[in-house]
Amino acid sequence: MREILQLLQDGEFHSGESIGALLGVSRAAVWKRLQHLEASLGLEIHRVRGRGYSLASPLSLLNSSVISDACNTCGWSVRVLESVDSTNAEALRLLAAGAEAPLLLLAERQISGRGRRGRSWISPFGENLYFSLGLRLEGDAFPLDGLSLSVGLAVLRTLQEMGCAAAGLKWPNDILVGAQKLAGVLLELAGDPAGVCQVVIGIGINVNMLHRASSLIDQPWTSLREQLGYVVDRTALTLVLARWLEHYLELHGRDGFCALRTEWEAAHLWQGRDVSLHAGPQCILGTVLGVDEGGALRLDVAGQERQFSGGELSLRLRDDS
Ligand code: BTN
C-alpha cells in the first residue's frame, strides 16, 4: 500500500503498467488494489484511459525515518502509524503500558480524532497533521497551569515560520486566521497531577485539506495549503513543530506560563474584544482583558475583573452574527 501511495502522492498520472512493474503484479491487479485503497482510506483516485491513475489531490506522506532521526537527537522516541483511533488515545495507552517518554506519536489518519469539549476532529488520510507528544511528569516539578497556552504559542510560531503570518491565538488554545480555525490543541492527563502523571499534548493542524474535500467540519476553518497556495510538506512541518514545542516546553518547565504571558497576550487576536463566554447553558458577557499567570481568561464583566478557566468553556465574539 505504502509503495503505491508513495508513487501516486505527487498527484500526477501514472500508467497501470508502471504501477504494476513497481509492485510486480498485472494491470488488472493494480486496478483492484487501487479500488481497495479508495475504499479503505477514503481516497479519490482518477482513472483515465491512455493516461493511467492519479490521486484527485496530491498527498504529502510522513517520512518516519527523517522524523525519528531529527527527534531522537532531542531524546524523543517516535512512532508513525498508518491509521489509529486517536493519537492522543494511543499515546495515553502506551504511556500507561510503560512506554518510554517523551514519546511522539503521529498518524497518517485518525478514525476517531478527538477535539476539545467532546467534539470530534476530522482527520482524513495523509492530509493534515495529527501529532501527540506523551510526557511522564512529576506534577510538583513541572507546572501544568497554562501549559496548553504555552503549547499554543509553539504551534503559532510553527505556522508563522511556515509562512502563515496572519495566524493568531484565540483563548485558550485555538490558532485562527481571521475567524477560521487552522489548528487546535487538546491536552489530556492521566495519573496524579500533584504526583507522577502522564500528559499527552495533542496538536491538530489543518495542512493540505481543501474545502471541496471536507464538508464534515461544523465550524469555519482553513488550511495551510489554502493560506499559502501550495501543498505543504508534512514531514518538514513536523520537524518545525517539534523544534518550537521543545523550545516552549523548556521555557514553560523552567519558569511556568507566567514568563510567556506577555508574549501570549501580544498574539491574542481577541485582546480588548467584546465576547460571550459559554459554559453549558450559562453565558457571561464581558470584554477580554487578557490572561493571568496560570492561563485563566481575564474578563471585564460589568466593570469588575473576573477570571475563568476550564476545558469546557467556549469563547465567542459578541458581534459575531
Ligand atoms: C480542538 O478541538 O481544537 C483540539 C483538536 C486537537 C486534535 C488533535 S489531532 C492529534 C491529537 N489526537 C486527537 O485525537 N486529538 C488531537
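Please refer to the structure higher up on the page.
Note that the structure is predicted; figures quoted are calculated from it, not measured.

Enquirer: Before we go on, may I ask you to explain the environment of Ala 28 in this structure?
Expert: Among the secondary structure elements, Ala 28 is positioned in helix H3 (residues 27–41). Sequence separation between Ala 28 and Ser 54 is 26 residues; the distance between their C-alpha atoms is 16 Å.

Enquirer: Is there a simple way to explain the pattern of salt bridges in this structure?
Expert: Once the charged atoms of two side chains with opposite charge are near each other, the side chains can pair. One pass over the full model with this rule turns up 16 salt bridges. Among the salt bridges present, the one from Glu 82 reaches Arg 2, with a minimum N-O distance of 3.4 Å. Placement of Glu 82 in the loop between strand E3 (77–81) and helix H5 (87–96) and of Arg 2 in helix H1 (residues 2–8) is noted, with a sequence separation of 80 residues between them. Assessed through its relative accessible area of 28%, Glu 82 is described here as partly exposed. The partner of Arg 298 in a salt bridge is Glu 265, with the nearest N and O atoms 3.6 Å apart. Here Arg 298, found in strand E12 (residues 297–301), pairs with Glu 265, found in helix H9 (residues 261–266); they are 33 residues apart in sequence, far enough to count as distant.

Enquirer: For this particular structure, what's the right way to read the state of the cysteines?
Expert: Between two cysteines, a covalent bond joining their sulfur atoms is known as a disulfide. Per the counting criterion, the structure on display carries zero disulfides. Unpaired in terms of disulfides, Cys 71 finds its nearest cysteine sulfur in Cys 74, a separation of 5.3 Å.

Enquirer: Is there a simple way to explain the layout of surface pockets in this structure?
Expert: Summary: where empty space remains is shown by rolling a probe the size of a single water molecule over the atoms. Of the volumes computed, that of the largest pocket is approximately 890 Å³. What lines the largest pocket is a set of 49 residues, among which Arg 119, Trp 121, Asp 174, Lys 181 and Gln 219 lie closest to the centre. The set of elements that each furnish at least two residues to the lining of the largest pocket consists of H5, strand E5 (129–138), strand E7 (174–177), strand E8 (180–191), strand E9 (196–205) and strand E14 (314–317). Per-element accounting of the lining of the largest pocket gives the leading share, five residues, to E8. Split into classes, the residues belonging to the lining of the largest pocket amount to 22 nonpolar, 16 polar and eleven charged. Taken as a whole, the second largest pocket encloses approximately 530 Å³ of empty space. What lines the second largest pocket is a set of 24 residues, among which Ser 148, Asn 173, Leu 187, Gly 310 and Gly 311 lie closest to the centre. Of all the secondary structure elements, the ones that give two or more residues to the lining of the second largest pocket are helix H6 (147–161) and E8. With five residues, E8 is the single largest residue contributor to the lining of the second largest pocket. By residue class, the composition of the lining of the second largest pocket is ten nonpolar, eight polar and six charged.

Scoring rules and cut-offs
Residues numbered from 1 in each chain as written. Predicted model: local features only at pLDDT ≥ 70, side-chain atom pairs only at ≥ 80, totals over all residues. Heavy atoms only, no water. Helix = DSSP H or I, 4+ residues; strand = E, 2+ residues; numbered from the N terminus. Salt bridge = Lys/Arg side-chain N within 4 Å of Asp/Glu carboxyl O. Buried < 20%, exposed > 50% of the residue type's maximum accessible area, 1.4 Å probe, protein only. Disulfide = S-S within 2.5 Å. 1 Å grid on protein atoms, 1.4 Å probe; cavity = no way out; pocket = protein on both sides within 12 Å on 5 of 7 lines; lining within 4 Å. Points joined across faces, edges and corners; volume = space filled by probe spheres on them. Nonpolar A, V, L, I, M, F, W, Y, C, P; charged D, E, K, R; others polar.

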